[in-house]
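Observations on the model geometry
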Amino acid sequence: MSLRYALIALLTGRPMTGYDISKSFSRSVAHVWHAPDSQIYPELNRLERDGLLKSTEVRWGQKGTKKEYHVTDEGLADFRAWMESPLTPQRQRDPAYLKAAYFDFADPASVREQLRQQQAYWQEHLGLLEATRTALVERTHPTLAARLSQLTEREAEPAVRYKVYAYDGLIARARTELAWIADGFALADELHGP
C-alpha cells in the first residue's frame with residue numbers, strides 16, 4: 001500500500017509523466033520505498049482508476065503523446081489521511097541477517113566475500129544518501145525544489161526539515177550496517193584467523 005502514497009508524495013511537487021516519475025522515484029522516494037517500473041506503472045493506473053490521480057495527454061516527440069499525472073483533490077485528501085494515521089511497525093525480513101545467523105555453515109572465505117559485498121553496497125548507498133541530504137539542505141534536489149516553488153517560506157521550512165530528518169535516519173541506519181559488517185569481519189578473523 002505504501003507505493004501508492006510514495007507516488008502521490010512524489011507528484012505533490014509537480015505533474016509528471018510516467019517516465020519522469022520513474023526517474024524521480026529512483027533519485028528520491030526509492031531511498032525509503034523501493035519499487036521497480038513493473039510496479040510503478042500499474043500502480044499509476046490504479047491510482048487514476050481510483051480517482052486519486054488524473055492524467056492528461058501531453059506531446060511527446062514529433063507525433064506521439066504521453067500521459068502526465070496530476071494529484072486530484074481526492075488524492076491529496078487520501079494522502080493526508082494516510083499521513084495522519086498511525087504506522088504499524090513492520091517486522092524485519094532481511095536475508096543478510098538470516099545468513100549471518102548461519103555463517104557457521106559457510107566456508108570462511110565465503111563469509112568474508114559476502115561481508116565484502118554487503119560493505120561495498122552500504123558504502124555506496126551511504127554516499128548516495130549523504131549527497132541527497134546535502135541537496136535537500138541546499139534546496140537543490142529537483143523533486144524538493146519543484147515542491148518548494150509552490151510553498152511559502154513558512155511552509156517550505158518543515159518540508160525541508162522533515163526530509164532531512166528522514167535522511168538522517170537513513171544515514172544512521174547505513175552507518176550502523178557498516179559497523180555491523182566491520183564486527184562481522186572481526187568475528188571471522190577471531191574464529192578463523194585473518
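**Here we look at the layout of surface pockets**
By volume, the second largest pocket amounts to about 270 Å³. What lines the second largest pocket is a set of 14 residues, among which Ala100, Phe103, Val111, Gly184 and Leu187 lie closest to the centre. Broken down by secondary-structure element, the contributors of at least two residues to the lining of the second largest pocket are helix H6 (108–137) and helix H8 (153–192). Top contributing element to the lining of the second largest pocket by residue count: H8, with eight residues.

**Quick notes on unusual backbone geometry**
Positive phi, close to 65°, is recorded for Arg139, a residue that is not glycine. Given a relative accessible area of 28%, Arg139 falls into the partly exposed group.

**Side note on the pairing of strand S2 (residues 53–60)**
In the sheet, S2 pairs with strand S3 (residues 64–71) via eight bridges, with the strands oriented antiparallel. For Lys54, the partnering residue across the bridge sits in S3 and is His70. In sequence, S2 turns back onto S3 through a hairpin of three residues, with Gly61 there showing a positive phi of about 70°.

**Considering the sheet that holds S3**
One open sheet holds the three strands; their spatial order is S1-S3-S2, and the pairing between them is antiparallel. Every other strand in the sheet has two partners, leaving strand S1 (16–17) and S2 as the edge strands with one partner each. In this sheet, S3 lies alongside S1 in antiparallel orientation, the contact comprising two bridges. If you follow Met16 over to S3, its bridge partner there is Tyr69.

Quick notes on the rules
Residues numbered from 1 in each chain as written. Predicted model: local features only at pLDDT ≥ 70, side-chain atom pairs only at ≥ 80, totals over all residues. Heavy atoms only, no water. 1 Å grid on protein atoms, 1.4 Å probe; cavity = no way out; pocket = protein on both sides within 12 Å on 5 of 7 lines; lining within 4 Å. Points joined across faces, edges and corners; volume = space filled by probe spheres on them. Helix = DSSP H or I, 4+ residues; strand = E, 2+ residues; numbered from the N terminus. Buried < 20%, exposed > 50% of the residue type's maximum accessible area, 1.4 Å probe, protein only. Pairing = 2+ DSSP bridges.

Any functional reading would require information beyond the geometric quantities listed.
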